[in-house]
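Okay, here's what each chain looks like letter by letter:
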Amino acid sequence: MKGDRIGSGVEAGLYVPEIATIVGARDLTWQDRVFVVELAGGRSLGHRPGQFVQLSVFGFGEAPISVCSPPEKAGSFDLCVRKLGGLTKALHGLGPGDEVGIRGPFGNGFPMKAMRGMDCLIVAGGIGLAPLRSVIDSIFLNRSEYGRLILLYGTRSPRDILFPEELEAWSADPRNEVLVTVDEASEGWGGHAGVVTTLFPRVTIDPVRTVVVALVGPPVMYRFVMAELEAMGVPEDHMFFSLERRMRCGVGKCGHCQVDGRCVCVDGPVFSAREIKTMKESV
Amino acid sequence: MGGKPRVAFFDFACCEGCQLTVLGLGEPLIELLEHVEVVTWREAMSEKSEEFEVAVVEGSITRDSDVPRLKRIREQASTLIALGSCATLGGPHVSANRLDQSDLLTMVYGDRAREFEAGEVRPLSAEVQVDIPIYGCPINADEFVSVMKHVLLGRPYRVPNQAVCHECKLNQYECVYDRRQICLGPVTRCGCDAICTSRGHRCFGCRGLVDDPNLNAAREVLEEHGYRVEDILSVFELYATWARPEEGLGIVEPRAAVKSRKGSEPWRFRSSI
Amino acid sequence: MEIQVEHITRVEGHGNILASLQDGQIERALFEVVEANRFFEAVVVGRDWEEVCHIAPRICGICALSHSCVSLRATEAALGIEVSEQTKLLRRLIMDAEVMSSHALHAYFLAAPDFLGLPSVMPLIRDDPEVVRRAFRIKKAGYELGEVVVARHTHPVGSVPGGFTQAPSVTALEKMRGRLVDLREDAAATVELYRKLKVPQFERPTTYVSLRRPDYYALYDGEIASSSGDSVAGDRYEDALREYVVSHSTAKHAQWRGETYMVGALARVNNNWRQLRPEAQEAMGALGLNPACHNPFMNTVAQVVELVHCLEDSIALIDEIGERGLSEEEVEIEPRAGRGVGVVEAPRGLLIHDYWYDEQGRCTKAKCVIPTGQNLANLDADMQGYLAEITDRSEDEIRLRLEMLVRAYDPCISCSAH
Amino acid sequence: MTARRRAMLGEADVWALLERAGKRGPLMAPVKRGRNSFAFEWVEDPGAVALRYVRTVLPPKRAMFPEREAFLRFRRPPGAGAEAVVSEEPYVLFGVHPCDLAAINQLDWAMGRRHEVVDPNYVARRGAATIVGMECLPDEYCFCPSVGTCDTREGADLFLTPVGSGYLAEVLTGKGRELLDGRVSGREASSEEVGEAEAWSETKRRMTSCQVDAEMGELADLLDSRYESQVWEETALRCYSCGTCTIVCPTCFCYDVEDRLDLTLMSGTREREYDSCQYPDFALVAGPHNFREERSDRVRHRWFRKFVRLLREYGKPFCVGCGRCTQSCTAGIGLTSVLNAVIAEARESAA
Ligand SMILES: Cc1cc2nc3c(=O)[nH]c(=O)nc-3n(C[C@H](O)[C@H](O)[C@H](O)COP(=O)(O)OP(=O)(O)OC[C@H]3O[C@@H](n4cnc5c(N)ncnc54)[C@H](O)[C@@H]3O)c2cc1C
Ligand code: SF4
Ligand code: SF4
Ligand code: SF4
C-alpha cells in the first residue's frame, strides 16, 4: 500500500517500544542474567508486582518479560532473563549502555491488596522467582502491612538458584521463612532435595489467613501445587497463579495467549485457582 | 565477530540450480558480500580456502567416496547450511533408490557398468549434522538471504513449518483442487511463497513434508480423487522418499474409524452438508 | 611434466584435467568427468507423463528451461499432442531468456576472469563494480523474462505437455519489454568488453552440429544439421549420432558419423549465422568472428553474439505475442503408448530427450543426450592438439591454458552426468 | 430510517461510480482470479471489477487488516529508534457482501473496543474506508441465515442491491452520500423497486441449503457440554492443520510478528502476518510445552473459539456464515457438518 505515514499520537504508539537503556547487568547463573533498565530521563515504569513488559531487541523480536523489581524502586527497574531462544540469547550479549525497546507494563499483576494483612505463601519454581521477587521486595518495603512471609523455592539444581544473596537476606528476617529445594542435589548441597511440593509438609500455615501466589514452571507443577494447597485447606480464591503463554502483542489482539475465553496478557497473567479451574487448557 | 565471517560453497550430486539462484540474486548478493567474505565457490571463482566458518552445501550424497569430503567440510564449518532439496531431502533423483544400484549402472553404462559407482541417494543429514536446512527445488532466493541475515546476526533461524496452503491463501491463489486436480500443498512445508500454485500448477512437494503431516488425510483425499495407493506413494516419493511416506501412510486406518460412526457417507464431507 | 587440475573451477559440475608430457611429447591429455550420476533416465521411469516434465528440468540448474522444453517436446511427440502457435512463441521466448542468462553467466563470471588475469569476478566487485553490476543485470533480466512466462527461471512452473497451466500476463510482458530495451546498452557494452579481450589463437577444424531452420535462428525446433552439409530429422538422431562409454568419464562421449564434433554457440553461429538478427550479425563483425571459425576459444565470443541475438529476438517475440494477444488454452490429452523424441538447442548445444510411454502414459524408458557429453570427445581432441602447440610454456601457464580451453567449452558437467 | 435515501442506478452508473472511486484514491474490489475464483484486490483498472461473485479467497478485511503488514520501522543500536507505520489514506472498499460486513463489525470490536485497547493500524485503515456493500445470492456453502447476518447493512456507507437491470442504492452514511451524490445520476427508487430489493432476504433464506441445527442462544452451552466429544478426534483424522480455514475466515484475527532486517543489518521492520490456531506451534511456550499439541485439541479450539468463547463475550457467534472455510478445505471438512454433529451428540446425550 502506498501512502504509509509515520504514526503519531498515543494510539499510533501502541506497538511502538520506548527506547530504554540498560544501566546495569550481571549474571545470576549460567543461564540467567539480570538487567537494570532505565527509561528516558529515569521516568518511572509505574508497574505493579507481577506485571510484565514487552521487551524488544530490535532485529530479534519482542517477548514478554516480568518486571522483577518492586514498584517502589525509583529511576529504573529490573528484568531477569533466562537464555532460551533467539531474543533472550541476544539480550544476554548486552550490557550497560546498550539500548532495548520497552512497551508496557501490561497484565494485571499479583493481588497485593488481597495480601495486605494476610500471611503470604509464595511458591516459586525456577525462573518463576523473578516476577515473585517484585512481590517479596514490595512486601519487604512495606513489611508491617503483611503477616508472615513464607517462600518455597525450587530449582533444578544448586547452580540454578537465583538471587542467592537476597534469599539469605530474606531468610535473615525472623518474620520470614525461606525454604529452598533442588530437583537434583549435586555434591556439596546440604539442603533439601525434591520438587517444590515436597517442601509443603515442612511449613504450617493457617489456611484461611493465607494468600498464596505461585509461579512454578511446567503446567503439571501447577496442578500438583494446587492439589497440595487444597489438601491443606487453602480456599481457591486465596490462591493465585501466574500463567505463561506465547504473546505477540501483549494487549489482547494477536490471539496467541488465549486460554478458554481469556487473554493471559490482559486478563492475566495472574489468575485465581477458582478461575483456573474453570479455564480449559489453562494448566 | 572479528572480521567478516568466511563463507564457502560446496556441492555434491545436484543440478547446481540452488547456487545459481544465489548467483541470480543480483544486487542483494552484492550487498550481502559487504558482510561476508566468500572464500570458496568452485562454480563461481578459482580462489580456494580451507578456512571458513559458514559452509553452504548443495547436493545429495550418492557415493560413499563423497562422504569424506563432506565430513571435512563439516569439521571445518561452525555453521553448515544444507542448500536445497537434494541436500535436505535427497532431491528429485531420490527415487533412483527404488532400483537396484547395479541395474542403474547397467541402464546407463551397459557392459561397462562395473567401472562406475552408485549408492543410495541420501540427504546430507544422513552423514553429518546440518545446522540450517534451506528447502526447495530450487531454493527461494529470499529465504537464502533471510537465512544469511540470521547467521550474521547470530539469531536462530526458524524453518517455516506451515503448509504451502498458508502462502497459497495469503496470495489468494485459486485452489488447485477447485480445478479438479490434486496438490501436495496441504502436507508440504511452505517457504516458496506457493510459487507453483501461483500459476495454477499443483505443488509437487519439493520442500518436503511439514513436521507433523497428516498423511492419513492425504491418502484419503487422494484416494477420493481417484488415486490408488501406489500412485499416492509415487507422488510422495518424488521428493519425500527419505522421509519414508509409506510408513506414515500406513499407520492407522482412519476410514474405518470414521465410517463406523455414521454409515457410509462420512458426515464431514462438503457434499453432505 | 604432470598437469592435474582437480575439480576445475568456474564451470558447472566436477571435472579434472589430466595431462602429462614426457620430453615434450604428450603422453595423455584428457578431461576426466567425476560428477556423480543421478540416473535421471531411471528416475523418470514409471512416472506419469505429467510428472516427467517436472523432473526433467532438474537435470540442470542452468539450462532447466531447455530441459523443460525438450522434455515437453518428447512427451508431446510420444502422445501425439500438437501445441498452439501461442505456446510455440512463448517457448521460444523462454529459450531466448535462458540463452541470455546462461551466456551472461559464462561470459562474465566464468570465462572473463581468465582474460583479465583474475581468479574470479569477486575482486571486481571492489575494483570495477559497474562490470559486475552489468553482468548481474543481464543475468537477472534473463531470469525475469523466464519468470514472466513460467514463474521461475530455474525449474519452470506451469509449463506442461500441451502448453501452459496459465497464460502469462500481458502487462508483465509489456513491462519486461521495456526492461529488455534498456538492456541493449548492456549488451553493447558486453560486445565492447569482448572486443578488447585477447582470445588465444588455436585452430582445429572439426564438425559443427546444431539445429537448423530456414526461417529463423533455430533454438526451439528444426532439423539436426552438421557443418559438413548433412542433416537428419530430430527423431532420426540415432542415424548419425552415437553415444559411448569411456572409463575416464561418468558422462558418455559421443560421435557424429564416427567423428568427434562440437555443439554449442560456436557451432550454431557457424552453421546458422545467416538467421541471426541484424544486430547480432553486426556484433559478429565487431568481434571478428568469421564463420566458419575453427577456434574453440571463440565459443565464448559466439556466446556474446548470441546474447545480442536473443535480446533482439525476445523483444521481437514479445511484440509478436502482443499483436496476437494471449488466451487461456486447454488441451485434451489422452495417454497412449508411443515413443517421442524432442530436440532443442540448449545454451551449450544440441539437447535430445527420447522417451517411451505405455498405454497408461507411464514412462517405460528414457534417454537424454546432453550437449556437454557430445563435446567431451572433441574437447579431449582439442586438448591434445592445443597442448602440442604450447609444450614450451611453463607448467603454470600450460595448466591455466588448458583450464581456459575447458572453460571455453562452457561445460555443464552435472548435466552431462545426469 | 425514513431519512435513508434509496436511489436507482443503472449498471452504467455503477461503473461510473467505480471509475470515480478509482480516480479519487485506492480502490479495493473483487476481481476474477484463475478460472473460477475471486479476490479482493487493489485495482488499477476499475473495469476489471467483478460485480457478481459468490465469495473471494480472502475476505475484504484485508483492506484494514492486511495479510502481511509492516507496522513498525526500527533502527538497531547504537542510536536505536522505532516509529509506527500506519496508513490513513482514504480508500473505497467496493462490493462487500452482508456476511463480510457483519464480519467487519465483529473485527471493529475485536481490533477496536475489546479489552479497551485499540489496534492503531486496524482502526486507522478502518476509518479511512468508504465501504460499498452489495447484495448477493448464496451457494451450497453459505449459511448466513443461521447466524443472522444475511441482512447486515451496518458497516456499509452505501449498499447496492441488484433490482431489474439496475441497482438500488441505499445511502447509509455521510460518506456514502458523498460517494454517490450528484456525481452519478439516479432517481428515487419506486416502492415496487424497494419491495423487490427487500425480497432478496427471503430469496436468500430459501436458497441456502446449509444450516446450523441450533439457535445461537443455546449454541455455547450445547458445545460446552461436548468438550470431550469424539467428533473432535474424528475430524482431526481428516484435518491437515494447514490453517486454510482460519486464514480465509473473515472473523479470524490472530497474527504472528517477526522482525525483518534490511541488508544493512542495522534497520528493519516489524511485520505481522495472519497466524492460525491450527498450526502445531501456535500454543507452544518455552519448555517447550504445547498447550494444544494434539490436532484434535486445535480442531476443538476452532469451534469453541467461534461458537463458545467469543460468542459469550461478544453476544454473537464469531462466524458470519460466509462458507469460505468449508469451501476451501481441501480435506472437505465442513464447518456446519462438524457443528451439527456435535449438536446432535449434545442433544442425544441430554435426552
Ligand atoms: C507474562 C510472561 C512473563 C515472562 N517473564 C519472563 C521473565 O521474567 N524472564 C524470562 O526469562 N522469561 C520470561 N517469560 C518467558 C519469555 O517470554 C520466553 O522465554 C521468551 O519467549 C523467550 O524468547 P526467545 O526469543 O529468546 O525464545 P524463543 O525463540 O521464543 O524460544 C523459547 C523456547 O522455546 C523453544 N521453542 C520456541 N519455538 C519453538 C518451536 N517452534 N519448536 C520447538 N521449540 C521451540 C525454544 O527452543 C526455546 O527453548 C515470560 C513469559 C510470559 C508470558
Ligand atoms: S492449491 Fe494446494 S497449496 Fe493452495 S490451498 Fe489448494 S491444496 Fe493448498
Ligand atoms: S509449491 Fe510445492 S513444489 Fe512448488 S515450490 Fe512450493 S513446495 Fe515446491
Ligand atoms: S468460520 Fe467459516 S463460515 Fe464462519 S465466518 Fe469463518 S470462514 Fe466463514
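Treat the numbers as computed from the prediction; the structure is a model and nothing was measured.

> Could you give me a rundown of the arrangement of the chains, with the residues and numbers involved?
With 5 pairs of chains in contact, the largest contact count belongs to chains B and C. Where chain A comes nearest to chain C, the C-alpha atoms are still 20 Å apart, and the two do not contact one another.

> Residue-level account of the side chain of Gln255(C), with values.
Residue and element names in this part refer to chain C. Its place among the elements puts Gln 255 in strand β10 (residues 253-256). Residue class for Gln 255 comes out buried when judged on its relative accessible area of 18%. Residue contacts for Gln 255: discarding those within four places in its chain leaves Ala 240, Leu 241, Arg 242, Tyr 244 and Tyr 261.

> For the environment of Asn214(B), give the residues involved together with the corresponding values.
Take Asn214(B): it is sitting in the loop between α7 (164-170) and α8 (215-224). Relative accessible area serves as the criterion here: at 5%, Asn214(B) is assigned to the buried category. Distance in space between the C-alpha atoms of Asn214(B) and Tyr135(B) is 20 Å, their sequence separation being 79 residues. Leaving out residues up to four positions away in the same chain, Asn214(B) has contacts with Val187(B), Ala236(D), Leu237(D), Arg238(D), Cys239(D), Tyr240(D) and Arg295(D).

> So what's going on with the site of ligand 3? Which residues, and what values?
In the vicinity of ligand 3, the contacting residues are Val164(B), Thr188(B), Cys192(B), Ile195(B), Cys196(B), Cys203(B), Phe204(B), Gly205(B), Cys206(B), Arg207(B) and Arg152(C). Here the shell around ligand 3 is built from residues that sort into 7 nonpolar, 2 polar and 2 charged.

> Tell me about the sheet that holds strand β2 (residues 15-22) of chain C, residues and numbers included.
All names here are of chain C. Strand order across the open sheet formed by 3 strands is β1-β2-β3, with antiparallel pairing between neighbours. Each end of this open sheet is capped by a strand with a single partner; those strands are β1 (2-5) and β3 (25-33). The average undirected angle you get between the axes of adjacent strands in this sheet is 5°. Two strands pair when backbone bridges link them, and β1 and β2 are joined in this way by 4 bridges, in the antiparallel orientation. Bridge pairing in β2 links Val 5 to Ile 17. Seen against the sheet, helix α11 (residues 371-390) touches β2 and β3 and runs at an angle of roughly 150° to β3. With respect to the sheet, helix α12 (residues 395-408) is in contact with β1, β2 and β3, its orientation differing from that of β1 by roughly 45°.

> Tell me about the domain arrangement of chain D, residues and numbers included.
One widely used convention gives an interface's size as the accessible area the parts lose upon coming together. Residues and elements named next belong to chain D. The assigned domain composition of chain D is domain 1 (6-207) and domain 2 (216-350). One C-alpha centre belongs to domain 1, the other to domain 2, and the line joining them spans 25 Å. Facing 43 residues of domain 1, the contacting portion of domain 2 comprises 38 residues. Buried area between domain 1 and domain 2, summed over both chains or domains, comes out near 3600 Å², and the portion from carbon and sulfur atoms is 61%. When the area that domain 1 buries against domain 2 is broken down by residue, the three leading residues are Phe 74, Gln 106 and Phe 143, summing to 18%. The tally of links from domain 1 across to domain 2 stands at 5 salt bridges. A salt bridge links Asp 119 to Arg 272, with the nearest nitrogen and oxygen atoms 2.8 Å apart. The interface formed by domain 1 and domain 2 contains 19 residue pairs in polar contact (both at pLDDT 80 or more). Listed by contribution, the elements that provide at least two residues to the side of domain 1 that touches domain 2 are β4 (68-75), α2 (98-113), α3 (120-127) and α4 (144-147). Of the residues forming the side of domain 1 that touches domain 2, the biggest block, 10 residues, is contributed by α2.

> Describe the site of ligand 2, and please don't skip the residues or the numbers.
Near ligand 2 you find Val164(B), Cys165(B), Cys168(B), Lys169(B), Cys175(B), Val176(B), Tyr177(B), Cys183(B), Gly185(B), Pro186(B), Thr197(B) and Thr330(D), and these make up its full shell. The residues that come close to ligand 2 belong to more than one chain, namely chains B and D. Across the shell around ligand 2, the residue classes break down as 8 nonpolar, 3 polar and 1 charged.

> Provide a residue-level description of the interface of chain D and chain A, including the pertinent values.
Contact with chain D, which involves 58 residues of that partner, is made by 45 residues of chain A. Carbon and sulfur atoms make up 55% of the surface buried where chain D meets chain A, a total of about 4400 Å² over both sides. Joining chain D to chain A, the criterion identifies 5 salt bridges. When the shortest N-O distance is used, the salt bridge between Glu281(A) and Arg292(D) registers 2.7 Å.

> Could you give an account of the packing of aromatic side chains, with specific residues and numbers?
When we look at a pair of aromatic rings, we describe it by the centre distance and by the angle of the planes. Here the structure, examined in full by the defined rule, presents 26 aromatic pairs over all chains. Centroid distance Phe109(C) to Phe136(C): 5.2 Å. Interplanar angle 55°. Geometry classified as tilted. A residue pair is termed long-range when its members are at least 10 positions apart, and Phe109(C) in helix α4 (residues 85-116) and Phe136(C) in helix α6 (residues 129-150) qualify at 27 residues. Centre to centre, the rings of Trp109(D) and Tyr314(D) are 4.9 Å apart; their planes meet at 45°, and the pair counts as tilted. Within this pair, whereas Trp109(D) is found in helix α2, its partner Tyr314(D) is found in helix α10 (residues 295-314), the two being separated by 205 residues in sequence. Aromatic ring contacts, followed pair by pair, group Trp109(D), Phe253(D), Tyr314(D) and Phe318(D) into a single cluster. Sitting over the face of the ring of Trp356(C), Lys365(C) holds its NZ or CZ atom 4.3 Å from the ring centroid. When the ring centre of Phe159(D) is taken as origin, the NZ or CZ atom of Arg153(D), which lies over that ring, is 3.8 Å away.

> An account of the interface of chain C and chain B is requested, with residue identities and associated values reported.
Each side of the interface is counted separately: chain C has 66 residues, and chain B has 62 residues. Summed over both sides, the interface of chain C with chain B buries roughly 5400 Å², with 58% coming from carbon and sulfur. It is Phe39(C), Arg47(C) and Phe136(C) that lose the most area in chain C upon contact with chain B, and together they represent 12% of the buried surface on that side. On inspection of chain C and its partner chain B, the count reaches 2 salt bridges. Across the salt bridge formed by Arg133(C) and Glu27(B), the nearest N and O atoms sit 2.8 Å from each other.

About the criteria used
- Residues numbered from 1 in each chain as written.
- Chains lettered and ligands numbered in written order.
- Predicted model: local features only at pLDDT ≥ 70, side-chain atom pairs only at ≥ 80, totals over all residues.
- Heavy atoms only, no water.
- Contact = heavy atoms within 4.5 Å.
- Helix = DSSP H or I, 4+ residues; strand = E, 2+ residues; numbered from the N terminus.
- Buried < 20%, exposed > 50% of the residue type's maximum accessible area, 1.4 Å probe, protein only.
- Near = heavy atom within 4 Å.
- Nonpolar A, V, L, I, M, F, W, Y, C, P; charged D, E, K, R; others polar.
- Pairing = 2+ DSSP bridges.
- Axes fitted to C-alpha atoms, helices over the stretch in contact; angles between N-to-C directions.
- Domains from an automatic or database assignment.
- Buried area = accessible area lost by both parts, 1.4 Å probe.
- Salt bridge = Lys/Arg side-chain N within 4 Å of Asp/Glu carboxyl O.
- Polar contact = N/O pair within 3.5 Å; in protein donor to acceptor, adjacent residues only side chain to side chain.
- Phe/Tyr/Trp six-rings, centres within 6.5 Å; stacked < 30°, edge-to-face > 60°.
- Lys NZ or Arg CZ within 6 Å of the ring centre and 35° of its normal.

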